[in-house]
Amino acid sequence: MSSEGRRLFDMRLIWILAAAFAVWAIGTRAQTEDFSAEAQAVLAVEDAYIAAELARDEMALRRILDDAFVLNRSDGTTNDKEALITSVLSLNMIGQTITERTVLVQGDVAIVCATTELTFASATSEPRVSRLRYTSTYQNRDGAWRMLALHMSART
């Protein structure tokens, strides 16, 4: 790709990222208004996690994910905190749209169920969209909600 083509691709990517973040932020704000204060606190951490994925913010990921974190994948494999962080940092995710989000808070444990569409950039083709259903589990430790587990499965 020529330097001019690369510059145009980079500019397009920046606009896609800005638009995706704006849509995500507006949708998230509307979704959290119907939840209790406790549930909103959990969703604020979940929103921070999603923003950290999009920004590939390693420090935020380390802060949000519990040291005992486990990712349960739909193919039957599991990953720990370090493997997930390594994976997220290598992704070319440019957008994430959350829908159908519910949250259940029981004491110091919270479960979030949602549907998401992840958008990934490609240098050779149109962006690719992955549609998933996920469940994330949080625990409040010393006043901070931390993600303990995440399960994702493909949806059609």
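Caption draft 1: Just the overall build of the protein, in detail. Of regular secondary structure, the protein possesses four helices and six strands. Along the protein, helices and strands appear, N-terminal first, in the series α-α-α-β-β-α-β-β-β-β. Put simply, the protein has 156 residues, and 37% of those count as buried. If you take every contact in the protein between residues at least 6 apart in sequence, the share linking residues at least 24 apart comes to 53%.

Caption draft 2: Structural context of the environment of I50. Positionally, I50 belongs in helix α2 (residues 37-55). The buried category is assigned to I50, whose relative accessible area is 1%. In this structure, the C-alpha to C-alpha distance between I50 and G95, residues 45 residues apart in sequence, is 9.5 Å.

Caption draft 3: Examining a nonpolar patch on the surface more closely. A grouping of L104, V109 and I111 is seen on the molecular surface, where their side chains present a nonpolar patch of about 210 Å² in accessible area. Here V109 lies in strand β4 (residues 109-120). Residue class for V109 comes out partly exposed when judged on its relative accessible area of 31%.

Caption draft 4: Just the pattern of salt bridges, in detail. If you walk through the whole model with that rule in mind, you get nine salt bridges. Between D66 and R141 there is a salt bridge, and its shortest N-O distance comes to 3.2 Å. Taken together, the residues D66 in strand β1 (residues 65-73) and R141 in strand β5 (residues 128-141) connect sequence positions 75 residues apart. Since its relative accessible area comes to 5%, D66 is described here as buried. The exposure class of R141 is partly exposed, given its relative accessible area of 37%. With a shortest N-O distance of 3.5 Å, D66 and R146 are connected by a salt bridge. Residue D66 is found in strand β1, and its partner R146 is found in strand β6 (residues 144-154); the two are separated by 80 residues along the sequence. Of the residues examined, R146 reaches a relative accessible area of 19% and is grouped as buried. Three or more residues joined by partner-sharing salt bridges are found here, namely E58, R62 and E82.

Rules and cut-offs
- Residues numbered from 1 in each chain as written.
- Predicted model: local features only at pLDDT ≥ 70, side-chain atom pairs only at ≥ 80, totals over all residues.
- Heavy atoms only, no water.
- Helix = DSSP H or I, 4+ residues; strand = E, 2+ residues; numbered from the N terminus.
- Buried < 20%, exposed > 50% of the residue type's maximum accessible area, 1.4 Å probe, protein only.
- Contact = heavy atoms within 4.5 Å.
- Patch = residues over 30% accessible without salt bridge, like charges linked within 9 Å, V, L, I, M, F, W, Y side chains within 5 Å.
- Areas by Shrake-Rupley, 256 points an atom, 1.4 Å probe, with all protein chains shown as cover.
- Salt bridge = Lys/Arg side-chain N within 4 Å of Asp/Glu carboxyl O.

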